[in-house]
Amino acid sequence: MTGRSAPVVLPPSLRVWLGLIAVFAALAVVVLGVLYSGDSKPGRVDTRVWAAVGGVGPPWRNAALATDFLGEPVGAAVLVVATVTGCLLLRRPRAAVLVVVGVGMSVGTTTMLKFLVGRTIHGGHLSYPSGHTAFATALALVAALLATGRFGLGRSAGMLLVLAAALVAGAAMGWAQLALGAHYPTDVLGGWCTALAVMPATAWLVDRTADRLVDRTADGLAG
């Protein structure tokens, strides 16, 4: 709790560690973007990973298609609305704002990077980084941060939950993208790192902005 308004979305015990992770994740996004800028073919790592997980048949392909749908506009909209509704029912308005702003910023950043990096797949489709993977990871991070604050988890338990949620969600959506041949493995890694870089910073900004609004309101009433 802030003591002034609604519960914070970024628990104080996690700020430093998630901040460090965000910095390293941002560096990884930049490095991968530079390495694969303008490319239209898989790298060595991509080829090896694709050989292990690419080209699946039923029923795994059906599972991949279902997972991929959750990152498409209709599926993503349903997930966002459901998550925002859950946050509001739990009286966590800051978390609801983070769902909209943070997830939107994560996906928006991947879109911008696609044009900047210019990596393509399947005849000209921009691929780096994966927006689907960034979306799934960002949404999972919101849920994990919400659970950490609601259950009062300490630094170790909270970090474990946040990282586990990001890893599971990112791996699931990343696998679907690879299984369907929609992205290179390094695109998936870039999308995952994009969410890890954007979400902690956005959560901090949501808390800071909300606290300032509360302070201004209180000052206005006092005056």
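It should be emphasised that the depicted structure is a prediction, and the values quoted were computed from it without experimental measurement.

S.K.: What should I look at first to understand the overall build of the chain in this one?
M.R.: Within the chain one finds eight helices and two strands. Scanning the chain from its N terminus toward the C terminus, one meets helices and strands in the order α-α-α-α-α-β-β-α-α-α. For the chain, the spread of C-alpha atoms along the three principal axes comes to 65 × 35 × 30 Å. Each of the 223 residues in the chain was classed as buried or not, and the buried ones make up 43%. If you sum the accessible surface of the chain, you get close to 11300 Å²; carbon and sulfur atoms cover 71% of it. Each charge class in the chain can be summarised by its mean position, and for the 16 positive and 9 negative side chains these summaries are 5 Å apart.

S.K.: Would you explain a nonpolar patch on the surface in this entry?
M.R.: On the surface, a nonpolar cluster with roughly 620 Å² of combined accessible area is contributed by Val16, Trp17, Leu20, Val23, Phe24 and Leu27. Tracing the backbone through its elements, the reader meets valine 23 in helix H1 (residues 12–35). Residue classification places valine 23 among the partly exposed positions, given a relative accessible area of 46%.

S.K.: How do you make sense of the side chain of serine 127 when you look at a structure like this?
M.R.: With respect to the helices, strands and loops of the structure, serine 127 is situated in the loop between strand S2 (125–126) and helix H6 (131–150). Given the relative accessible area of 0%, serine 127 is considered buried. Setting aside its immediate chain neighbours within four residues, serine 127 contacts Lys114, Arg119, Thr120, Ile121, His183, Tyr184 and Asp187.

S.K.: Would you explain the packing of aromatic side chains in this entry?
M.R.: Given two aromatic rings, their pairing is described by the distance between the two centres and the angle made by the two planes. Under the criterion given, the structure shown has two aromatic pairs. Here tryptophan 50 and tyrosine 184 contribute two aromatic rings whose centre-to-centre distance is 5.4 Å and whose plane-to-plane angle is 55 degrees, an arrangement assigned as tilted. Residue tryptophan 50 is located in helix H2 (residues 44–53), and its partner tyrosine 184 is located in the loop between helix H7 (155–179) and helix H8 (185–222); the two are separated by 134 residues in the primary sequence. Residue tyrosine 184 is classed as buried on the basis of its relative accessible area, which comes to 2%. With 6.1 Å between their ring centres and 85 degrees between their planes, tryptophan 60 and tryptophan 175 make a pair best called edge-to-face. Pair noted here: tryptophan 60 is in helix H3 (residues 60–69) and tryptophan 175 is in helix H7, with a separation of 115 residues, a long-range link. A residue is classified by how much of its surface remains accessible, and tryptophan 175, at 26% relative accessible area, is partly exposed. Arginine 119 extends its terminal NZ or CZ atom over the ring of tyrosine 36, reaching a point 4.1 Å from the ring centre.

S.K.: Teacher, can you tell me more about the nonpolar core here?
M.R.: Nonpolar side chains tend toward joint burial in soluble globular proteins. Counting residues in each nonpolar core, the largest one holds 38 residues, and the members touching the most others are Leu18, Leu98, Val99, Leu145 and Val162. Those elements that provide at least two residues to this core are H1, helix H4 (73–89), helix H5 (93–117), H6, H7 and H8. Top element by residues in this core is H6. It accounts for eight residues. Filtering out sequence-adjacent residues up to four positions away, leucine 98 remains in contact with Val9, Val103, Val142, Leu145, Met199, Thr202, Ala203 and Val206.

S.K.: How should I be thinking about the packing of H2 against H7 in this particular structure?
M.R.: Working note: a packed helix pair is described by the angle between its axes plus the distance between those axes. Where H2 contacts H7, the axes come no closer than 10 Å and their chain directions differ by 90 degrees. By the criterion of interaxial angle, the relationship of H2 to H7 is roughly perpendicular. Contacts between H2 and H7 pair Val49, Trp50 and Val53 from the former with Trp175, Leu178 and Ala179 from the latter. Along the lines of polarity and charge, the residues of the contact of H2 with H7 split into six nonpolar, no polar and no charged.

S.K.: Explain H5 to me, please; I cannot follow it from the model alone.
M.R.: Owing to its 3.6 residues per turn, the α-helix brings residues three or four apart onto one side. In this model H5 runs 35 Å from its N-terminal to its C-terminal C-alpha over 25 residues, within 8% of the 36 Å that 1.5 Å per residue would give. Along H5, the helix axis deviates most sharply at valine 99, where the bend reaches about 25 degrees.

Calculation rules
- Residues numbered from 1 in each chain as written.
- Predicted model: local features only at pLDDT ≥ 70, side-chain atom pairs only at ≥ 80, totals over all residues.
- Heavy atoms only, no water.
- Helix = DSSP H or I, 4+ residues; strand = E, 2+ residues; numbered from the N terminus.
- Buried < 20%, exposed > 50% of the residue type's maximum accessible area, 1.4 Å probe, protein only.
- Areas by Shrake-Rupley, 256 points an atom, 1.4 Å probe, with all protein chains shown as cover.
- Lys, Arg positive; Asp, Glu negative; His and termini not counted.
- Charge placed at Lys NZ, Arg CZ, Asp CG, Glu CD.
- Patch = residues over 30% accessible without salt bridge, like charges linked within 9 Å, V, L, I, M, F, W, Y side chains within 5 Å.
- Salt bridge = Lys/Arg side-chain N within 4 Å of Asp/Glu carboxyl O.
- Contact = heavy atoms within 4.5 Å.
- Phe/Tyr/Trp six-rings, centres within 6.5 Å; stacked < 30°, edge-to-face > 60°.
- Lys NZ or Arg CZ within 6 Å of the ring centre and 35° of its normal.
- Core = buried A, V, L, I, M, F, W, Y, C linked by side-chain atoms within 4.5 Å.
- Axes fitted to C-alpha atoms, helices over the stretch in contact; angles between N-to-C directions.
- Parallel < 35°, antiparallel > 145°, perpendicular 65-115°, else oblique.
- Nonpolar A, V, L, I, M, F, W, Y, C, P; charged D, E, K, R; others polar.
- Expected span 1.5 Å × (residues − 1).
- Bend = angle between axes of the 7 residues up to and from the residue.

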